[in-house]
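Survey of secondary and tertiary structure
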Amino acid sequence: MFIAGRILSSLLVIAGTLVLVFAILYVLPGDPTDTMLDPSVATPEMVANLKHQLGTDQPFYIQFSRYISDMVRGDFGNSLLNSEPVLNKIIDHFPATLALTAVSALVAAVFGLVLGVLSAIHRNGPIDLIARVVGLFGISMPTFWSGILLIVLFSLNLGWFPAMGSGGWKTLVLPALTLGIVGAGFIVRMVRSSMLDIINEHFMLTLRAKGLSERIVMYKHALRNALIPAVTMVGMLIGEMLAGTVVIETVFSRQGIGRIMSDALMAKDLPVVQGVIFFTALIYVIVNLLVDLSYTVIDPRVRRST
Amino acid sequence: MREAATASTIWQKQRGRRLAAIRFRRFTASNLFVLGAVTVVLFIVACAIVPSIIAPYSPTEMLTDSIMQPPSAAHLFGTDYFGRDIFSVVVYGSRDSLFIGFASVIVGGLAGGAIGALSGYAGGWLDAVLMRCNDILMTIPGILLALAIAGALGKSLFNIVLAVAVASIPGYARIMRSQIISIKGRTFIQASQAAGASPLHIFWKHVLPNSLSPLLVMATIGVGTSILTGSGLSFLGLGVLREVPDWGTLLSQGRGYLTVAWWICTFPGVAITLFVLAVNIIGDRLRDQLDPKKSMR
């Protein structure tokens, strides 16, 4: 029941997002014909012809139903600049973005969990201080700045990693670190505070009273309880990191869907913008669905309540 | 009986004193931190309000004899390719950056707060509809939503504020709704209902005032988040083109000179980070203050 309910509500949210993405770009000003035709040479007939071709002269409900039926069939429309199908463009560029997001999420989860747990166990000690500083700086630094600092340090001065490009693992290190630090900041803070909440619970006293070793109390019982908010956060962060690649891919001149989105925005190539936004939202919904389903594994209470 | 009572009072007194001593020690150590944060915020806000007092040069003045100078006593943050004093540009640039931060929090917080309050207090189908819409808005990550809106509306300060504000609405709506629902169920609200108060009166006099603090904490931290999103938009080239660039635009302009003049990029970033860091420290303190469980840490 729990699983079926979650899948159904995810489908509803995806349908809603589809409508929202259409609405954002329908309601906002800006005509695609301005992008495709040079206004200084375009005659009114040319504009009218093109509008007819694109279907933008049709009333709202016809445009809307055409858009929905196209999207459902996997047709994201064509780029206004070179008529390339948007979906192909996204699929071509997605692997680079996926690799960046996955490695960043891994960096964030590992750093975040380890530092968060250690800082809660050794509260007010030196590790705690480091964790709190990492947490605060992680959530406070703009990625376009921390990325540039990493380039200056590791690329320009030390020459360890390339400053730009998107081939090979070496080009992935700096961007993934930049994006990962932000995620780690959020996760450290969340894990630390939920571990501290749990350490103060009465059942911890019971566990110690029945003679369990401190290691088992902390790593089996406290950690497992603290994991639930942490996993939720990782799920939400994956969506944010995917979106964060818009900035990172620009800073490090990488190819990816974030980069095509920012390029498309500059060129007013709306179908590409629509496509990337919807694609990102789709992944966000799927990741969060998987996260919700993972609760049934991590937390027996969820299983029983269904 | 009496002896026991006295013993217990003495014990309580001692315990009270011990707790007070612990609190005082915590107070001084962590308050120093918060005090520093408040100072940083006040200083940067002062930069935005009266930049002419703080900046040594005019932000548009081109000192042709000192182009691309590294940081020195004369030019604290160095100079750029036009010979502008970077420190002065950063001081004047705080205006637009802070305006985006504060204005979008006010717009987004009010809109999100109102949606959340209506949803939580009304309940029923209205709540269901509003929250589904909120869920949908949440699936689009903030920076993408802000980018799409700012990109489609065009470059202006107002459009950036609007874009950042809309992207922040779902978060505020969610937190406000859950707080309203938890207050709505308390006994003192039931007492007020039993006494015959109208729903509007109860909402305005009892539910709303008791629900505001989490929203205020979130809004405090939101000033930092908005500045990050806003300067991100500027960095990607959607910022306002003005004579004095905001922090994000200045940083993006300096990127081209990274190999020869690291300071152009570095200092606007330091300004953003310092301000957001300070705002987050203050926000953390406010949240701990509201949560008695955490204030003992």
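The written sequence of each chain sets the order in which its residues are numbered from 1. Key to labels: chains lettered from A, ligands numbered from 1, both in the order written. Local features in a predicted model are, by the rule used here, given only for residues with pLDDT of at least 70; side-chain atom pairs are given and counted only at 80 or more, and totals for whole chains, interfaces and linings are based on all residues. Only hydrogens and water are set aside; all other atoms, that is, all heavy atoms of the structure, feed into the side-chain values.

1. Some thoughts on the overall build of chain A
Where we set the bar: The numbering of helices and of strands both runs from the N terminus, where a helix is a DSSP run of H or I of at least 4 residues and a strand a run of E of at least 2. Think of it in three bands: residues with accessible area under 20% of the maximum for their type are buried, residues over 50% are exposed, and the middle band is partly exposed, with areas taken using a 1.4 Å probe on protein chains only. Surface exposure here means Shrake-Rupley accessible area, sampled with a 1.4 Å probe, where a residue is shielded only by the protein chains that are shown. We score Asp and Glu as negative and Lys and Arg as positive, and we do not count His or the chain ends. For charged residues, the charge sits on one atom: NZ in Lys, CZ in Arg, CG in Asp, CD in Glu.
Along its length, chain A carries 13 helices and zero strands. Ordering the α and β elements of chain A from the N terminus gives α-α-α-α-α-α-α-α-α-α-α-α-α. Projected onto its principal axes, the C-alpha coordinates of chain A cover approximately 85 × 55 × 30 Å. For chain A, with 306 residues in total, the buried portion stands at 48%. Summed over its atoms, the accessible surface of chain A is roughly 14,700 Å², and 68% of this surface lies on carbon and sulfur atoms. The centroid of the 21 positive side-chain charges in chain A is displaced by 17 Å from the centroid of its 19 negative side-chain charges.

2. Regarding the environment of Asp197(A)
Residue and element names in this part refer to chain A. For Asp-197, the position within the fold is in helix H8 (residues 170–199). A residue is classified by how much of its surface remains accessible, and Asp-197, at 24% relative accessible area, is partly exposed. Asp-197 sits 29 residues away from Ala-226 along the chain, and the two C-alpha atoms are 8.7 Å apart.

3. With respect to a nonpolar patch on the surface
The following threshold applies: Only residues whose relative accessible area exceeds 30% and that form no salt bridge enter a patch; like-charged residues are grouped when within 9 Å of one another, and nonpolar side chains (Val, Leu, Ile, Met, Phe, Trp, Tyr) when within 5 Å. Salt bridges are identified by distance alone: a Lys or Arg side-chain nitrogen within 4 Å of an Asp or Glu carboxyl oxygen.
On the surface, Ile3(A), Ile7(A) and Leu11(A) cluster together into a nonpolar patch covering about 270 Å² of accessible area. Judged by its relative accessible area of 38%, Ile7(A) is partly exposed.

4. So, the domain arrangement of chain A
Residues and elements named next belong to chain A. As a reminder of what qualifies: How far each domain reaches was decided by an automatic or database domain assignment. Residues count as neighbours in contact if any of their non-hydrogen atoms are within 4.5 Å of one another. Take the accessible area each of two parts loses on contact, using a 1.4 Å probe, and add the two losses: that sum is the buried area.
Taken domain by domain, chain A holds domain 1 (2–72) and domain 2 (89–305). Averaged C-alpha coordinates put domain 1 and domain 2 at centres separated by 33 Å. Taken together, the contact between domain 1 and domain 2 spans 15 residues of the former and 15 residues of the latter. Between domain 1 and domain 2 lies a buried interface of about 1,500 Å² when both sides are counted; carbon and sulfur atoms form 81% of it.

5. Side note on the packing of aromatic side chains
So the rule is basically this: Side-chain rings of Phe, Tyr and Trp (the six-membered ring for Trp) are treated as a pair once their centres are within 6.5 Å; stacked means planes under 30 degrees apart, edge-to-face means over 60, and tilted covers the remaining angles.
Enumeration over the complete set of coordinates arrives at 13 aromatic pairs over all chains. Between the aromatic rings of Phe94(A) and Phe279(A), the centroid separation amounts to 4.9 Å while the plane-to-plane angle is 85°, which identifies the pairing as edge-to-face. Linking Phe94(A) in helix H5 (residues 86–121) with Phe279(A) in helix H12 (residues 270–298), this pair joins segments that are 185 residues apart in sequence. Owing to a relative accessible area of 14%, Phe279(A) belongs among the buried residues under this scheme. Both rings, one in Phe77(B) and one in Phe267(B), keep their centres 4.1 Å apart while their planes meet at 5°; by these two values the pair is stacked.

6. Things to note about the nonpolar core
We count it as follows: In plain words, nonpolar cores are sets of buried Ala, Val, Leu, Ile, Met, Phe, Trp, Tyr and Cys residues tied together by side-chain atoms within 4.5 Å.
Formed by 152 residues in total, the largest nonpolar core has its most connected members in Ile140(B), Leu147(B), Leu233(B) and Phe275(B). Per-element accounting of this core gives the leading share, 16 residues, to helix H10 (residues 214–251) of chain A. Both of domain 1 (2–72) and domain 2 (89–305) of chain A provide at least three residues apiece to this core.

7. Re the side chain of Thr249(B)
Here Thr249(B) is to be found in helix H9 (residues 247–254). Not counting residues up to four positions away in its chain, the partners in contact with Thr249(B) are Ser234(B) and Val240(B).

8. Remarks on the interface of chain B and chain A
Keep this limit in mind: Contacts described as polar in this section are N or O atom pairs within 3.5 Å, which, within protein, must combine one atom able to donate a hydrogen with one able to accept it, while residues neighboring in sequence count only if both atoms come from side chains.
The partner chain A presents 45 residues to the 44 residues of chain B that form the contact. The junction of chain B with chain A conceals about 3,900 Å² of combined surface from both sides, 76% of it contributed by carbon and sulfur atoms. The tally of links from chain B across to chain A stands at one salt bridge. Taken together, the links from chain B to chain A amount to six residue pairs in polar contact (both at pLDDT 80 or more). At the level of secondary structure, the elements contributing two or more residues to the side of chain B that touches chain A comprise helix H4 (124–139), helix H5 (142–153), helix H8 (199–238), helix H10 (262–290) and helix H11 (292–295) of chain B. Residue contributions to the side of chain B that touches chain A peak at twelve residues, all from H10(B).

9. What to know about the packing of helix H6 (residues 126–140) of chain A against H8(A)
All names here are of chain A. Quick note on the threshold: For helices, the fitted line uses only the C-alpha atoms of the stretch in contact; every axis is such a line through C-alpha atoms, and the angle between N-to-C directions lies from 0 to 180 degrees. In this scheme, roughly parallel covers angles under 35 degrees and roughly antiparallel covers those over 145, while 65 to 115 is roughly perpendicular and the rest are oblique. Throughout, a crossing is termed right-handed when the near helix is turned clockwise from the far one, and left-handed when it is turned anticlockwise from it by less than a right angle. Any residue that is not Ala, Val, Leu, Ile, Met, Phe, Trp, Tyr, Cys, Pro, Asp, Glu, Lys or Arg is counted as polar, Gly included; the first ten are nonpolar and the last four charged.
Following both chains from N to C, one finds H6 and H8 inclined at 130°, their axes separated by 7 Å at the closest point. Taken together, H6 and H8 sit at an angle that is classed as oblique. Helix-helix and strand crossings are classified by hand; for H6 and H8 the assignment is left-handed. From H6, Asp-128, Ala-131, Arg-132, Val-134, Gly-135, Leu-136, Gly-138 and Ile-139 reach across to H8, where they touch Ile-181, Val-182, Gly-185, Phe-186, Val-188, Arg-189 and Arg-192. Here the contact of H6 with H8 is composed, by residue class, of eight nonpolar, three polar and four charged.

10. Considering unusual backbone geometry
The backbone of Asn124(A) shows a phi angle near 65°, a positive value even though the residue is not glycine. The exposure class assigned to Asn124(A) is exposed, which follows from its relative accessible area of 55%.

11. A few points about empty space enclosed by the protein
Summary: where empty space remains is shown by rolling a probe the size of a single water molecule over the atoms. Put simply, the rule is: Both site types are read off a 1 Å grid over the protein atoms alone. A 1.4 Å probe that fits but cannot get out defines a cavity, while an open set with protein on both sides within 12 Å along at least five of seven lines defines a pocket; lining residues have an atom within 4 Å of a point. Grid points are joined across faces, edges and corners, and a volume is the space filled by probe spheres set on the points.
If you walk through the whole model with that rule in mind, you get two cavities of 30 Å³ or more. Each pocket or cavity is described by its volume, and for the largest cavity that value is around 40 Å³. Taken together, Leu25(A), Leu265(A), Lys268(A), Leu270(A), Ala148(B), Gly151(B) and Ala152(B) make up the lining of the largest cavity. What the second largest cavity holds in volume is close to 30 Å³.

12. Topic: H4(B)
Here is the rule: Under the convention used throughout, the expected extent of a helix is 1.5 Å for every residue step, that is, one less than its residue count.
Taking 1.5 Å of rise per residue, the 16 residues of H4(B) would be expected to cover 22 Å, and the 23 Å separating its terminal C-alpha atoms lies within 8% of that figure. Listing the buried residues of H4(B) in full gives Asp127(B), Met131(B), Asn134(B), Asp135(B), Ile136(B), Leu137(B) and Thr139(B).

13. What to know about the confidence of the model for chain B
Residue and element names in this part refer to chain B. Let me state the cut-off plainly: As a per-residue measure, pLDDT reflects the predictor's confidence and takes values from 0 up to 100.
Averaged over every residue, the pLDDT of chain B is 83; the share at 70 or more is 88%. Across chain B, helix H3 (residues 86–122) holds the top mean pLDDT of 91, while H11 sits lowest at 52. The complex prediction reports pTM at 0.84, with the ipTM value standing at 0.83.

14. Focus on the packing of H4(B) against helix H6 (residues 157–184) of chain B
Two measures define how a pair of helices packs: the angle their axes make with one another and the distance between the axes. All names here are of chain B. Two numbers describe how H4 lies on H6: the axes approach to 9 Å, and their chain directions differ by 135°. Compared by their axis directions, H4 and H6 come out oblique. When the axes of H4 and H6 are compared, the crossing they make is left-handed. Along the contact surface, H4 presents Asp-127, Met-131, Asn-134, Asp-135, Leu-137 and Met-138, while H6 presents Val-166, Pro-170, Gly-171, Ala-173, Arg-174 and Arg-177. Tallied by class, residues from the contact of H4 with H6 come to six nonpolar, two polar and four charged.

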